[in-house]
Amino acid sequence: MRRAPADPARLFDLGVAGDLRLDLDTKAALALLVAELGPDPTGERLAALDATLRSGLPREAADQALALMQAWRRYAHEADAATAARTPPDHLDAWARLLDDEAALRRRHFDAATAQALFGAQETWARYTLAARRIAGDPPLGETDRAAGLVALRAALPEEVAAPDPGVAPTAVPASAAGDASGERGVQAASGPDPALSAR
């Protein structure tokens, strides 16, 4: 697992006003720092991290980073518990409900703007994957209509999501959920090999 640098403040980027810039890199930084703290960090460890961030970031940015880390710890704890209790989805409607549940969970711990900045690209890509599986597994559609639908779906993606890093979509909808092996070939032919479509 990647380890945090000796100065955790270097994981965060600043906006023009001296506050934190919120994006996928911020999400990765929060996940890394919280994972390194462990599930039950001592008060001494928390105080040391607090001091380190405050010495390396402007006051407003440090306050943001510490508040986000507290929110991430609560979010990660609830997300882990939900995953452990969940029956793995085995069809597209179940995947759709899972995506809705995950989005709602994130918005219980982060305000709307922060949730969008941290998770928006991931959620858009996951819903694109789900929609692609629906098209690929739709029996009445012929090969031409299927390909056209997939091309149109891909074209509608926001530019910042159209070619994501594989890490953007850890929640991927497997091909088996569509129940149509020929549909998977249609996805690949129409939109290119998408990492999220083959991830597990």
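Per chain, the residues get numbers from 1 upward, laid out in the order the sequence is written. Given that the model is predicted, a residue must reach a pLDDT of at least 70 before its local features are reported, and side-chain atom pairs must reach 80 or more before they are shown or counted; all residues, however, enter totals for whole chains, interfaces and linings. With hydrogens and water excluded, all non-hydrogen atoms of the structure serve as input to the side-chain values.

> An account of the environment of T83 is requested, with residue identities and associated values reported.
Starting at the N terminus, helices and strands are each numbered in turn, a helix being any DSSP run of H or I of at least four residues and a strand any DSSP run of E of at least two. Here T83 lies in helix α3 (residues 59-85). When the C-alpha positions of T83 and E102 are compared, they lie 10.0 Å apart, and in sequence the two are 19 residues distant.

> Hey, could you go over the packing of aromatic side chains for me, with residue numbers and the actual values?
Planes of paired rings set the category: under 30 degrees apart is stacked, over 60 is edge-to-face and the rest tilted, where pairs are Phe, Tyr or Trp rings (Trp by its six-membered ring) whose centres lie within 6.5 Å. For the coordinates displayed, the defined rule picks out seven aromatic pairs. An aromatic cluster of at least three residues, connected via ring pairs, comprises W72, Y75, F110 and F119.

> Give me the lowdown on the pattern of salt bridges, citing residues and values where you can.
Think of a salt bridge as a Lys or Arg side-chain nitrogen and an Asp or Glu carboxyl oxygen that are within 4 Å of each other. Under the defined criterion, the tally for this structure stands at 10 salt bridges. Between R107 and E123 there is a salt bridge whose closest N-O contact spans 2.9 Å. Remark: E123 occurs in helix α5 (residues 112-136) and R107 occurs in helix α4 (residues 92-109); sequence separation between them is 16 residues. Using a relative accessible area of 12% as the deciding quantity, one classes E123 as buried. Through salt bridges with shared partners, a single network forms among E102, R106, R107 and E123. Partly exposed describes any residue whose relative accessible area lies between the buried limit of under 20% and the exposed limit of over 50%, with all areas from a 1.4 Å probe on protein chains only and scaled to the type maximum.

> How would you summarise the layout of surface pockets if you had to cite specific residues and measurements?
As a volume, the largest pocket reaches approximately 620 Å³. Grid points spaced at 1 Å over the protein atoms alone were grouped into cavities, where a 1.4 Å probe fits but cannot get out, and pockets, open sets with protein on both sides within 12 Å along at least five of seven lines, with lining residues defined by an atom within 4 Å of a point. Taken together, 25 residues line the largest pocket, and the ones lying closest to its centre are Y75, A76, H77, A79 and D80. Looking at which element gives the most residues to the lining of the largest pocket, the answer is α3, with 10 residues. Grid points are joined across faces, edges and corners, and a volume is the space filled by probe spheres set on the points.

> Go over empty space enclosed by the protein with me, naming the residues and quoting the values.
Evaluated as defined, the whole model comprises two cavities of 30 Å³ or more. Lining the second largest cavity we find L11, F12, D13, R21, D23, D25 and T26. Taken together, the residues of the lining of the second largest cavity break down into two nonpolar, one polar and four charged. Following the grouping adopted for this structure description, the nonpolar residues are Ala, Val, Leu, Ile, Met, Phe, Trp, Tyr, Cys and Pro, the charged ones are Asp, Glu, Lys and Arg, and the polar ones are all others, Gly among them.

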